[in-house]
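If you want the building blocks of each chain, they are given just below.
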Amino acid sequence: MATEEENVGNVKRQLAKLFESSLRAIVPDEPDVEPLVAACTAKFGDYQCNNAMGLWSKIKGKGTEFRGPPSVGQAIMKSLPPSDIIESCSVAGPGFVNVVLSKTWMAKSIQKMLLDGIEKWAPQLAIKRAVVDFSSPNIAKEMHVGHLRSTIIGDTLARMLEYSNVEVLRRNHVGDWGTQFGMLIEFLFESFPNSEDVSETAIGDLQGFYKASKQRFDSDAAFKERAQQAVVRLQGGESKYRKAWAQICEISRKEFDRVYQCLGVQLEEKGESFYNPYIPGVIKALSDQGLIEESEGAHVIFIEGFNIPLIVVKSDGGYNYASTDLTALWYRLNEEKAEWIIYVTDVGQQQHFDMFFKAAKRAGWLPADDSAYPKVSHVGFGLVLGEDGKRFRTRNTEVVRLVDLLDEAKNRSKATLVERGKAEEWTEEELEKTAEAVGYGAVKYADLKNNRLTNYTFDFDQMLNDKGNTAVYLLYAHARICSIIRKSGKDIEELKKTGEIVLDHAGERELGLHLLQFSEVVEEACTNLLPNVLCEYLYNLSEIFTKKFYSNCQVVGSPEETSRLLLCEATATVMRKCFYLLGIVPVYKI
């Protein structure tokens, strides 16, 4: 019998193991053939093994006993080891092996999850430690809607990896170093001759402070010269300049933290300045390998397939993004021992990442094979658009501040709850918490449900709609399931121990099958770095529960009440884990 402890929640992997055993038996001379198992959409089964055609093209003409793909399919089916998982198999078309899962095994697997916890359904990945580099705003500038995408996509990828038992180093690579600091520091000295007077309240709006200093820099030559000198003195480590730099960073950090708190996002800051001391050593090592050449006074690495080189030291001797990014990668591989390093930025930076990844391969830091570890991935995303189809901005053409956006989402959500009379029914705290969960959840889900590479239109009315594929609809669906369980008056924890799930009705079976596919969906979303795959699964789960199960299967007061309450609980459990992975806080009553 096949062991069920490995990949216990992952049906696809368990079936792949069975088919692997069958393939080894029928073609022992083809050890490289991997089982191709996929969930079915057709009526013939729940899963399908699609190896027959590919295998036939490999073995025909090698004196094989098979007469074509259908006979290969038949042999694969007949050589399957016995297993509790499978109820029946059939071969269709050019050798597709269709598998119908055993209802008894399905029911037992769901029940086991309810007893042991959904952590047992976590995917098993090939790595132990990853870096997710996301959010990464610039000091002294507001976080805007572009940072929203990086922050919530990065957080979801980190959560999915963490659920899969990977240690994730969540890195906030903030822009806290560079020429703009000379201008800011010099302006700070002018505005506050006594450094003790510098505070968040004194500076007020940091964005306004940045603009005023930039205006001064562009219009006053003497100020510009002092600002350029200030950069040199800061980089030289003079204490007065380091202190001013630290004050500006700290004020900015408080602004960022407000946003991270609203979004429930955890990050560890390792900004550009952190890697600064390591840059000379990394550049020297690359130079010693003969990778760095001189071009028009700058030090560059030429990359095959690009007509411009990667500049690693500018002609004035200063460092740039490439020098910092190469050094950060070196640090993450050598000091932090990460096996997978994931960068979440807009698609506009694709070329920069392509070039510096190729430079790292030339240096021998990364394997030539993209699928081997350690590996790097750039997770690009499209723009957030306004209703006019252009980049999302306020009326005065400013980029929208993230904190204002989140406040508005919460306020609109609260207004709807008040309209529905919840202010009379609930405490102020319940009202606030629900408004936050629904408002912030709506903003996150509206972004995550799209393929990240596409642009999407930011539309409050659409994202806060309680119908269709929105967080509001899903959160309400979850609350309704919790309400069904509450109204039954039964102790669900007791039922988990004493009750039994049966999947006799077609609606029960369809719901059970979808629940069992949770683990493989998380694995797919994680492996391909696509959160929208998980959103689609969650929406379909809610639809199947409502339209196939709940509409056709009476729960409370039916002879099958115990089993159906347990199915309700299993659905709510999986929904809550989906919400958690998407960074959304569930609501339990509406």
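The name an unreviewed UniProt entry assigns to the chain is arginine--tRNA ligase, from the organism Rhamnella rubrinervis. According to its UniProt record, the chain has this under Catalytic activity (unreviewed entry): "tRNA(Arg) + L-arginine + ATP = L-arginyl-tRNA(Arg) + AMP + diphosphate".

When helix α12 (residues 279-288) is considered as a whole, its buried residues turn out to be Ile-279, Val-282, Ile-283 and Leu-286. Considered in projection along α12, the buried side chains sweep an arc of 100° and stay on one side of the axis. Turned more than 90 degrees away from the buried face of α12, the exposed residues are Lys-284 and Asp-288. Buried residues belonging to α12 abut α11 (272-275), β9 (298-301), β10 (310-313) and α13 (321-334). Among the residues trailing α12, Gly-290 stands out with phi positive, at a value near 80°.

The next point concerns unusual backbone geometry. The phi angle of most residues is negative, glycine excepted, and most peptide bonds adopt the trans form. For the bond running from Tyr-373 to Pro-374, omega is 0°, close enough to zero to count as cis. Residue position: Pro-374 is located in the loop between α14 (350-362) and β12 (375-381). The phi dihedral of Ser-136 falls on the positive side, at around 45°, and the residue is not glycine. Take Ser-136: it is sitting in the loop between β5 (129-133) and α5 (145-163). Located in the positive-phi region is Ala-140, a residue other than glycine, with phi close to 75°. Take Ala-140: its relative accessible area is 1%, and that puts it in the buried class.

A few words now on the sheet that holds strand β11 (residues 340-346). Working definition: the strands of a sheet are paired by backbone hydrogen bonds and lie parallel or antiparallel to each other. In space, the five strands of this open sheet follow the order β7-β6-β5-β11-β12, with parallel pairing throughout. Across the chains shown, the open sheet's two edge strands, defined by having one partner strand only, are β7 (268-269) and β12. Where β5 and strand β6 (residues 167-172) come together, five bridges link them in parallel fashion. In the sheet register, Val-132 faces β6, and the bridge partner there is Arg-170. Seen against the sheet, α13 touches β5, β6, β11 and β12 and runs at an angle of roughly 150° to β11.

Now for the pattern of salt bridges. Taken as a whole and assessed by the stated rule, the structure comprises 46 salt bridges. A salt bridge links Lys-589 to Glu-430, with the nearest nitrogen and oxygen atoms 2.9 Å apart. On the criterion of sequence distance, the pair formed by Lys-589 in the segment after α24 (561-581) and Glu-430 in helix α17 (residues 428-448) is long-range, its members being 159 residues apart. The exposure class assigned to Glu-430 is partly exposed, which follows from its relative accessible area of 28%. Taken together, the shared-partner salt bridges connect Glu-186, Glu-190, Arg-216, Asp-220 and Arg-226 into one network.

This part covers the environment of Val-438. By the element assignment, Val-438 lies in helix α17. Along the backbone, Val-438 and Arg-564 are 126 residues apart, and their C-alpha atoms lie at a distance of 28 Å.

Before going further, it helps to examine the nonpolar core. Within the largest apolar cluster, 164 residues are counted, with the highest numbers of intra-cluster contacts made by Leu-15, Leu-161, Phe-518, Leu-534 and Val-574. Residues contacting Leu-15, with those up to four places away along its chain left out, are Val-37, Tyr-47, Ile-85, Ile-86, Val-99 and Leu-101. Within the second largest apolar cluster, 31 residues are counted, among which are Val-282, Leu-310, Ala-322 and Ala-359.

Turning our eyes to something else, we now look at the sheet that holds β9. Strand order in the open sheet formed by three strands is β8-β9-β10, and the pairing between neighbours is antiparallel. The two strands at the open ends of the sheet, each matched to only one other strand, are β8 (293-295) and β10. Along the sheet, successive strands turn relative to each other by an average axial angle of 50°, direction set aside. Alignment of β9 against β10, held across three bridges, turns out to be antiparallel. Bridge assignment links Ile-301 to a residue of β10, and that residue is Leu-310.

So, about the side chain of Ser-252. Among the secondary structure elements, Ser-252 is positioned in helix α10 (residues 239-263). For Ser-252, a relative accessible area of 1% gives the class buried. With sequence-adjacent residues up to four places away left out, Ser-252 is seen in contact with Ile-139, Ala-140, Lys-141 and Leu-206.

Turning to the packing of helix α21 (residues 506-516) against helix α22 (residues 518-527), a few remarks are in order. Look at α21 against α22: their axes get within 5 Å of each other, and the N-to-C directions meet at 40°. Taken together, the axes of α21 and α22 are oblique relative to one another. Contact residues: α21 offers His-514, Leu-515 and Leu-516, while α22 offers Phe-518, Ser-519 and Glu-520.

To continue, consider the UniProt feature "domain: DALR anticodon binding" (unreviewed entry) in the chain. Using the residue numbers shown here, the UniProt feature "domain: DALR anticodon binding" (unreviewed entry) corresponds to residues 474-590. Between the end C-alpha atoms of residues 474-590 there is a gap of 12 Å, over a span that is 72% helix and 0% strand.

Counted by the stated rule, this structure contains 23 aromatic pairs. The interplanar angle of 55° and the centroid separation of 6.0 Å between the aromatic rings of Tyr-163 and Phe-518 together place this pair among those described as tilted. Linking Tyr-163 in helix α5 with Phe-518 in helix α22, this pair joins segments that are 355 residues apart in sequence. Judged by relative accessible area, Phe-518 falls into the buried class, the value being 0%. Ring-pair connections join several aromatic residues into one group, and the members of that group are Phe-274, Tyr-275, Tyr-278, Trp-330 and Tyr-331. Its guanidinium or amino end placed over the ring of Phe-274, Lys-270 lies 4.9 Å from that ring's centre, counting from NZ or CZ.

So, about the packing of α12 against α13. Two elements in contact, α12 and α13, have axes whose closest approach is 9 Å; the angle formed by their N-to-C orientations is 90°. The orientation of α12 with respect to α13, classified from their angle, is roughly perpendicular. Contact with α12, carried on its side by Ile-279, Val-282, Ile-283 and Leu-286, involves Ser-323, Thr-324, Leu-326, Thr-327 and Trp-330 of α13 and no other residues of that element. Partitioned by chemical class, the residues of the contact of α12 with α13 number six nonpolar, three polar and no charged.

Another aspect to go through is the pairing of β6. Within β6, five of the six residues are buried, which leaves it mostly tucked inside the rest of the structure. The parallel pair β5 and β6 is bridged by α5, and the resulting crossover is right-handed. Where β6 lies against β7, two bridges are found, and the strand directions are parallel. Residue Arg-171 lies in a different strand from β7, and its bridge partner there is Glu-268.

Rules of the game
- Residues numbered from 1 in each chain as written.
- Predicted model: local features only at pLDDT ≥ 70, side-chain atom pairs only at ≥ 80, totals over all residues.
- Heavy atoms only, no water.
- UniProt positions renumbered as here; feature names shortened; annotations may be inferred.
- Buried < 20%, exposed > 50% of the residue type's maximum accessible area, 1.4 Å probe, protein only.
- Helix = DSSP H or I, 4+ residues; strand = E, 2+ residues; numbered from the N terminus.
- Arc of directions from axis to C-beta.
- Contact = heavy atoms within 4.5 Å.
- Pairing = 2+ DSSP bridges.
- Axes fitted to C-alpha atoms, helices over the stretch in contact; angles between N-to-C directions.
- Salt bridge = Lys/Arg side-chain N within 4 Å of Asp/Glu carboxyl O.
- Core = buried A, V, L, I, M, F, W, Y, C linked by side-chain atoms within 4.5 Å.
- Parallel < 35°, antiparallel > 145°, perpendicular 65-115°, else oblique.
- Phe/Tyr/Trp six-rings, centres within 6.5 Å; stacked < 30°, edge-to-face > 60°.
- Lys NZ or Arg CZ within 6 Å of the ring centre and 35° of its normal.
- Nonpolar A, V, L, I, M, F, W, Y, C, P; charged D, E, K, R; others polar.
- Right-handed = clockwise from strand over helix to strand, strands pointing away.

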